Each structure stands twice: as structure tokens, then as C-alpha cells.
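# Observations on the model geometry
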Amino acid sequence: MKEESIIGRLQRFMEDEARSCSMDFGCVTPEYVQRMLGGEYSIDEIRDALKICLKDCYERQGIS
């Protein structure tokens with residue numbers, strides 16, 4: 001359950017960052033996400049969710 005919530009939250013966060021043109025998906029680091037989300041999740045949780053989100057993002061864009 002918590003993994004689903006972090007993935008959804010991370011996807012929204014990354015889309016908001018990209019929409020505001022402040023950051024490219026490839027530049028989002030687990031440490032940056034942890035600071036932006038107020039330390040709510042551990043680096044390991046964020047790292048795992050980030051891999052899933054980036055894979056999904058790149059697949060939707062047709063990038064392998």
C-alpha cells in the first residue's frame with residue numbers, strides 16, 4: 001500500500017517538475033525527492049519508486 005502511494009506521489013511530483021520546466025526527469029535524484037517531500041520516505045523507498053516511475057515515463061515516450 002505504501003509503495004503504491006509513494007509511486008503515485010512521485011509520478012505527480014515528477015510531472016509537476018517537468019511541467020514547470022524546472023527539472024528534466026533524468027535530473028531527479030532520490031535525495032532531491034526526499035528533501036522536496038519533507039523526509040517522509042527513506043532514500044531506499046524513493047530510489048525503488050523512482051526506478052519504476054522513470055521506466056514507465058521512458059516507455060510512454062518510446063525511449064528504451
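Everything that follows concerns the structure shown earlier in this document.
Nothing here was measured: the structure is a model prediction, and the numbers come from that model.

## Overview of the overall build of the chain
- When you go through the chain residue by residue, the secondary structure sums to three helices and zero strands.
- Of the regular secondary structure in the chain, the N- to C-terminal order runs α-α-α.
- When the 64 residues of the chain are sorted by exposure, 33% land in the buried category.

## Some remarks on the pattern of salt bridges
- The final tally for this structure, using the stated rule, is four salt bridges.
- Among the ionic pairs, Arg47 bridges to Asp44, the shortest N-O distance being 3.1 Å. Remark: Asp44 and Arg47 occur in helix α3 (residues 43-60); sequence separation between them is three residues, near one turn of the helix.
- By relative accessible area, Arg47 is classed as partly exposed at 32%.

## A look at empty space enclosed by the protein
- Per the counting criterion, the structure on display carries one cavity of 30 Å³ or more.
- Of the volumes computed, that of the largest cavity is approximately 50 Å³.
- What lines the largest cavity is Gln11, Met14, Glu15, Phe25, Cys53, Cys57 and Arg60.
- Going through the elements one at a time, α1 (2-19) and α3 are the ones with two or more residues in the lining of the largest cavity.
- Of the residues assigned to the lining of the largest cavity, the class counts are four nonpolar, one polar and two charged.

## Section: α3
- The first and last C-alpha atoms of α3 sit 25 Å apart over 18 residues, in line with the 26 Å expected at 1.5 Å per residue.
- Just downstream of α3 lies Gly62, where phi reads positive at about 75 degrees.

## Here's the deal with the packing of aromatic side chains
- Applying the stated criterion across every chain yields a total of one aromatic pair.
- Considering the side-chain rings of Phe13 and Tyr32, the 5.9 Å spacing of their centres and the 45 degrees angle between planes classify their relative orientation as tilted. A residue pair is termed long-range when its members are at least 10 positions apart, and Phe13 in helix α1 and Tyr32 in helix α2 (residues 30-36) qualify at 19 residues.
- Residue Tyr32 is classed as buried on the basis of its relative accessible area of 17%.

Conventions and cut-offs
Residues numbered from 1 in each chain as written. Predicted model: local features only at pLDDT ≥ 70, side-chain atom pairs only at ≥ 80, totals over all residues. Heavy atoms only, no water. Helix = DSSP H or I, 4+ residues; strand = E, 2+ residues; numbered from the N terminus. Buried < 20%, exposed > 50% of the residue type's maximum accessible area, 1.4 Å probe, protein only. Salt bridge = Lys/Arg side-chain N within 4 Å of Asp/Glu carboxyl O. 1 Å grid on protein atoms, 1.4 Å probe; cavity = no way out; pocket = protein on both sides within 12 Å on 5 of 7 lines; lining within 4 Å. Points joined across faces, edges and corners; volume = space filled by probe spheres on them. Nonpolar A, V, L, I, M, F, W, Y, C, P; charged D, E, K, R; others polar. Expected span 1.5 Å × (residues − 1). Phe/Tyr/Trp six-rings, centres within 6.5 Å; stacked < 30°, edge-to-face > 60°.

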